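Survey of secondary and tertiary structure
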Amino acid sequence: MWSAEVETRWHELAEEVIIGMKEWRLRHPKATFKEIETALDDRLARVRARMLEDAALASEARDVSAVSLEERPKCPERGRRLEARGEETRSLTTNHNQTITLKRGYAIRPACGAGLFPPR
């Protein structure tokens, strides 16, 4: 779940962007607007990916087995509650081409056995 450690990490990452941009700009005093934008977007993409990963891992949906049967999501086709099947790790690519890794609960549809990740 959410922690002071996550919040501290986000502040540190934001500070790295600010310091990194300042240093980059000093090294590139004649950079065009597009070059500045690209340099900033590259740095922000890394922060964005970390925030996405941390926020997804803070979700209650992370561990299907910890949720009561009545609260578990339902199969969209048959309406039966999903069954927990341990944890799986999945790598995703963000809109800004950053890779994040999620270790979350894995669930199956009881009728057909099709897996879902993440379950919500």
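About the thresholds
- Residues numbered from 1 in each chain as written.
- Predicted model: local features only at pLDDT ≥ 70, side-chain atom pairs only at ≥ 80, totals over all residues.
- Heavy atoms only, no water.
- Helix = DSSP H or I, 4+ residues; strand = E, 2+ residues; numbered from the N terminus.
- Rg over C-alpha atoms; globule rule 2.2 N^0.38 Å.
- Buried < 20%, exposed > 50% of the residue type's maximum accessible area, 1.4 Å probe, protein only.
- Areas by Shrake-Rupley, 256 points an atom, 1.4 Å probe, with all protein chains shown as cover.
- Salt bridge = Lys/Arg side-chain N within 4 Å of Asp/Glu carboxyl O.
- Expected span 1.5 Å × (residues − 1).
- Contact = heavy atoms within 4.5 Å.
- pLDDT = per-residue confidence, 0-100.

**Quick look at the overall build of the chain**
- Secondary structure summary: the chain contains two helices and three strands in total.
- Along the chain, helices (α) and strands (β) appear in the sequence α-α-β-β-β when read from the amino end.
- Radius of gyration (C-alpha) of the chain: 20 Å, far over the 14 Å computed for a compact globule of 120 residues.
- Its C-alpha atoms give the chain principal-axis dimensions of about 65 × 30 × 20 Å.
- When burial is assessed residue by residue, the chain has 28% of its 120 residues classed as buried.
- Of the roughly 8,200 Å² of accessible surface on the chain, 50% is carried by carbon and sulfur atoms.

**What to know about the pattern of salt bridges**
- Applying the stated criterion to the full structure yields five salt bridges.
- As a salt-bridge pair, E5 and R9 come within 3.7 Å of each other at their nearest N and O atoms. Of this pair, E5 and R9 both sit in helix α1 (residues 4–27), four residues apart, which is roughly one turn of the helix.
- We note a salt bridge from R50 to D54, for which the minimum N-O separation is 3.1 Å. One end of the pair is R50 and the other is D54, both in helix α2 (residues 33–57) and four residues apart, which spans about a single turn.
- Overlapping salt bridges bring together E5, R9, R50 and D54 as one network.

**Let's talk about α1**
- Spanning 24 residues, α1 covers 35 Å between terminal C-alpha atoms, matching the ideal 34 Å at 1.5 Å per step.
- What α1 keeps buried is the set V6, W10, L13, V17, G20, M21 and W24.
- Elements that come into contact with the buried residues of α1 comprise α2.

**A closer look at the confidence of the model for the chain**
- Looking at the chain as a whole, the pLDDT averages 85, with 90% of positions reaching at least 70.
- Highest mean pLDDT in the chain belongs to α1 (96); lowest belongs to strand β3 (residues 115–116) (66).

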